[in-house]
Each structure stands twice: as structure tokens, then as C-alpha cells.
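Report on the structure
Letter by letter, the chains look like this.
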Amino acid sequence: MSDFDDDDFMVEDDEVFDFDSEYDDENEEEEQNVDLENKYYNAKALKEDSPEDAIKEFQNVIESDTEQSEWSFKASKQTVKVSLKIKDYEGAIKYYKHLLNLLNIVSKSYGEKSINNILDYASNSDSIEFLEQFYEITLNKLKEVKNDRLWLKTNLKLAKLLLDNREYDKLTKVLDQLHEVCEQENNSEVQGTLLIEVFAIEIQMYTEMKNTKKLKPLYKQCLNVKYAIPHPRIMGVIRECGGKMHMIEGKWQDAQTDFFEAFKNFDEAGSPQRIQCLKYLVIANMLSESEINPFDSQETKPYKNDHQIVALTNLINAYQRVDIDEFESILKKNKSTIMNDPFIRTYMDDVIKNIRSQVLIRLIKPYTRIKLSFASKKLNITPQEVEDLLVNLILDKKINGYIDQINQILELEQDNQSLNYYPDIGKWCNNVEKLINSFDRKIY
């Protein structure tokens, strides 16, 4: 941990120093500040090696500060952070309550920054019960002092925390409160931007719950919010959830569009989530059987050789060439890289079926009948898997034929165009013959 933090630089942007009057303070007050400052930094020096001793020394700073200056606030903040670090949650709550009572001795902006900083620090705790209590104390105090802006930000942080911990019942209650705040907001732009942020959390919850019934109307609402100026990361989250929703429905082209939009938003925000969305885009592209390589676009091209994505780059190249051997070889060599994502793993079987189906269509094209055992050897799968692929292709009307299950043979039939071709030729011949006969009669 660094020896310096924001406590060491507690300066307001609009604060003006009058160096001419700096030395007009009484000597006694100046000496007290110097003494408190020395005690504070001596306590900070103990944080790493002796956290318990550091807490005692910070408490000494607070007790010595009879005027309750900024040093009391700084020392209280440090006692909370050190207690959190050593997982003394009971102590952290006690010191945190004291800190909240000192918010009036520092500027509003510095106080808000400090509370946000501590909440982020506390979020590393593995105790959800402690965190919920910690947030409840914060929200109650902010409501008491009528700091609506920080109350709102804190509730959004709590919502994200509950989402991460899959506490969906509790999250729903928090979201209801946030929706009430949105309805009460008079400024249309602020209302729209806040609503988008609340929707982004809500849409993630329904995506994780796979509740498409509520997800679909919510997704449409997100895209139709007016007057909002959302952060691109927020729109990236919404578009990614939209893509996942379309994947569940089997709407591969719509999913591809949403994942591409999500990628662009995350890229604009500088979020590492862009790589994950790019992977999803590749999967959706293969399932849609698109002939356009997703890495041909100006936005995605710079990432095609990224070490996190290069395996999928090679995979889609083999897929579009319908090279089943290379496809399976790449998948086998990079199995952990590609399949470690549960979402990709869910749809990879469909991708494999797609490329096998394409290979199978090419394989049977020159034949009128073909043994399933022959196709299984070419595709390196069992005859039963070949039969399953053929059944789907027949039902989808991609091939015209039927399976002789007794002899394990695919019998291909001529399509309607072929069947009608020869009768049409016969009719044409008959008409030509009649025409010739009529000429003969006229000549004779």
C-alpha cells in the first residue's frame, strides 16, 4: 500500500491560500496542528507492520484533537481502513459510525469522496452480511443529513454489490427504491441518465436469471429512454445483455448486431469487457452462418491478433473455409482458452453442429445415395451423430431425401426442378414435331 493517499492531499479546487496571513494564526493553535500532524503520520507508518498499534495511535490523534479538526476526520478514516484490512468488522463499524458524525467538519466534496473511497475499500470483504450492514449505516446517515446525491450513488453501489452476490430478492427492493427516485426527478436529462443506469443493473439481473419474459420488454425500454446521456460502459452492458437474450431465442443475426454495438461501447469506454464481447460476436457470427468475417470491420480489426482473441480468429477462419479438420484441431489446442467462458461453452455445440452440417452437405452433393458409415468416417463422428445431423438437415429442407434406417443409407431425391425438367422437354419435342408436320402438309 502506498504511504500516501487522498488524506495527504485534502485540498479543494477553489481553495485560495493567503500566504501573507498564513502566519497570523495563534502560535498555540499552530503548535497543536503540528503535533497532530506528527502523530498522524507516525500512526500511518505503523499501518503495514503493526496495524493494531496504528489504530491505537490514530485513536490518540482523535482524543488529542480537542477542536475536532480535519486531523480527527483523517485519523477516523484510517482507523476504518485498517480495521477493514485486518477484518475486524466490528471495530470497522464502530469507527465508521464515528467518521460519519464528523462529515460536518470537512467540505462536502471531500466528505463524499472519502465515503465513496471507504465503500470501495469495504467491498473487498467476503462477508455479505457485514457489507449490507455497512451500507445500511451509510444510507441511514446520508438520509439523516439529506445528502440525496451521495445517497443515490451509494444505493447504486449497493445494487451492484447485491448483483455480484446474486442476492436478487434484496436487489429487487433496492431497484424499486431507485425507480421511485427516478420518477421524482424533475430534470429530464438527469432522470433519463439515472434511469438507464438503473435499467443496466436490472437487465443484468434478469439476464443472469435467464428470465426472458421480463428481459425482452426491459431491453426495449432501455433503447427507448429519452434525454439520457449514458456512459458508454452502461450502454455496453445493456447491449451485451440484449445479445445474450437474442442468443437464447436463437436470433443469431440480432445477437451479432448487439454484441458488435456492445463491443464498440466498451471499446470507447476503454473497458476490458470489449474482448469478451468480441468473443461473443464471433460465436454469433458462426451461428448465423454469415459469410462476412467480423474482423473485417475497422473497429474490430486491431484486435484480431490479440493474444486473448487469436484462437477465435483462427477458428472462424477455418469455419468460413468449412475446414472441419483445422477447426477441430484449433478447438482442441485452445480448449481452455475458448471453453473457459460458460456462455461460449453453452453455444459451442451448436457451432460444431453447424460446421459438420456444412461439411455433410458438401460430402453428399455428388451422390444419389450414401452410407451413413461412410459419412461418419469422413466427419470422424458416430453413424448415430451423422443420422441426427441428416434428420435436422431434412427437416430444415436443406437436403431432399430420406434415411433408410434398416440399411443405414441416405437416399437422395431429385428436387422438383429436376423432376419437371424432362416432361417440359417432352412437351417441347411434341410441339416441334407438330410444327414440322404442318409444314410438310403445306409443301405437299
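Being a predicted model, the structure only gives us computed values, none of them experimental.

All right, on to the overall build of the chain then. Across its full length, the chain carries 20 helices and 3 strands. By the burial criterion, 43% of the 444 residues in the chain qualify as buried. Residue pairs in contact within the chain that sit at least 24 positions apart in sequence constitute 61% of those at least 6 positions apart. As presented, the chain carries roughly 26,100 Å² of accessible surface, and 47% of it is formed by carbon and sulfur atoms.

Interaxial distance between helix H17 (residues 342-364) and helix H18 (residues 372-379) falls to 11 Å at its minimum, and their mutual angle equals 125°. Accordingly, the angle class assigned to the pair H17 and H18 is oblique. Once H17 is placed against H18, the crossing between them reads as right-handed. On H18, the residues that touch Arg356, Val359, Leu360 and Leu363 of H17 are Phe374, Ala375, Lys378 and Leu379.

For the rest of this paragraph, the subject is unusual backbone geometry. The phi torsion at arginine 166 lies on the positive side, around 55°, for a residue other than glycine. Among the structural elements, arginine 166 can be located in the loop between helix H7 (148-164) and helix H8 (168-184). Of note in this structure, lysine 210 is not a glycine but carries a positive phi near 55°. Mapping lysine 210 onto the fold places it in the loop between helix H9 (188-209) and helix H10 (212-223).

Moving on, we get to the pattern of salt bridges. Scanning all chains against the criterion turns up 21 salt bridges. For the salt bridge of glutamate 144 with lysine 141, the shortest nitrogen-to-oxygen distance reads 3.4 Å. Remark: lysine 141 and glutamate 144 occur in helix H6 (residues 128-144); sequence separation between them is 3 residues, near one turn of the helix. Given a relative accessible area of 57%, glutamate 144 falls into the exposed group. Overlapping salt bridges, with partners in common, bring together Glu132, Glu167 and Lys170 in one network.

Taken together, the side chains of Glu52, Asp53, Glu57, Asp88 and Glu90 make up a negatively charged region of the molecular surface. If you tally residues by element for the negative patch, the top one is helix H2 (residues 51-64), at 3 residues. In this structure glutamate 90 comes out as exposed when scored by relative accessible area, which is 70%.

One can find leucine 412 in strand E3 (residues 409-412). Those residues in contact with leucine 412 that lie beyond four places of it in its chain are Ile364, Tyr367, Thr368, Asn400 and Gly401.

Let's shift gears to the environment of asparagine 392. One can find asparagine 392 in helix H19 (residues 383-395). Distance from asparagine 392 to serine 357, taken between C-alpha atoms, is 9.0 Å for residues 35 residues apart in sequence.

Looking now at the side chain of histidine 179. For histidine 179, the location among the structural elements is in helix H8. Within the structure, the side chain of histidine 179 is placed 2.9 Å from the side chain of glutamate 202, a separation counted as a polar contact. Excluding residues that lie within four positions of it along the chain, histidine 179 makes contacts with Leu195, Val198, Phe199 and Glu202.

This brings us to the packing of H9 against H10. What describes two packed helices is the angle between their axes and the distance between those same axes. At a minimum axis separation of 10 Å, H9 and H10 run at an interaxial angle of 155°. By the angle between their directions, the pair H9 and H10 is classed as roughly antiparallel. In this structure, H9 crosses over H10, and the sense of that crossing is left-handed. Between H9, through Ile196, Phe199, Glu202, Ile203, Tyr206 and Thr207, and H10, the contact on the second element is made entirely by Lys214, Leu215, Leu218, Tyr219, Gln221 and Cys222. When its residues are assigned to classes, the contact of H9 with H10 shows 8 nonpolar, 2 polar and 2 charged.

Turning to helix H11 (residues 232-249), a few remarks are in order. Across its 18 residues, H11 extends 26 Å between first and last C-alpha, which sits within 8% of the 26 Å expected from 1.5 Å per residue. Directly after H11, the chain includes glycine 250, whose backbone phi takes a positive value near 75°.

Strand order across the open sheet formed by 3 strands is E1-E3-E2, with antiparallel pairing between neighbours. Because the sheet does not close on itself, it has two edges, and the strands there are strand E1 (369-371) and strand E2 (401-404). For this sheet, the mean inter-axis angle between neighbouring strands, taken without regard to orientation, is 20°. Relative to E3, E1 is paired through 3 bridges, and the arrangement is antiparallel. Looking at the pairing, arginine 369 lines up with glutamate 411 of E3. In the packing of H18 onto the sheet, the strands contacted are E1, E2 and E3, and the crossing angle to E1 comes to about 65°.

Conventions adopted
Residues numbered from 1 in each chain as written. Predicted model: local features only at pLDDT ≥ 70, side-chain atom pairs only at ≥ 80, totals over all residues. Heavy atoms only, no water. Helix = DSSP H or I, 4+ residues; strand = E, 2+ residues; numbered from the N terminus. Buried < 20%, exposed > 50% of the residue type's maximum accessible area, 1.4 Å probe, protein only. Contact = heavy atoms within 4.5 Å. Areas by Shrake-Rupley, 256 points an atom, 1.4 Å probe, with all protein chains shown as cover. Axes fitted to C-alpha atoms, helices over the stretch in contact; angles between N-to-C directions. Parallel < 35°, antiparallel > 145°, perpendicular 65-115°, else oblique. Left-handed = near helix turned anticlockwise from the far one by under 90°. Salt bridge = Lys/Arg side-chain N within 4 Å of Asp/Glu carboxyl O. Patch = residues over 30% accessible without salt bridge, like charges linked within 9 Å, V, L, I, M, F, W, Y side chains within 5 Å. Lys, Arg positive; Asp, Glu negative; His and termini not counted. Charge placed at Lys NZ, Arg CZ, Asp CG, Glu CD. Polar contact = N/O pair within 3.5 Å; in protein donor to acceptor, adjacent residues only side chain to side chain. Nonpolar A, V, L, I, M, F, W, Y, C, P; charged D, E, K, R; others polar. Expected span 1.5 Å × (residues − 1). Pairing = 2+ DSSP bridges.

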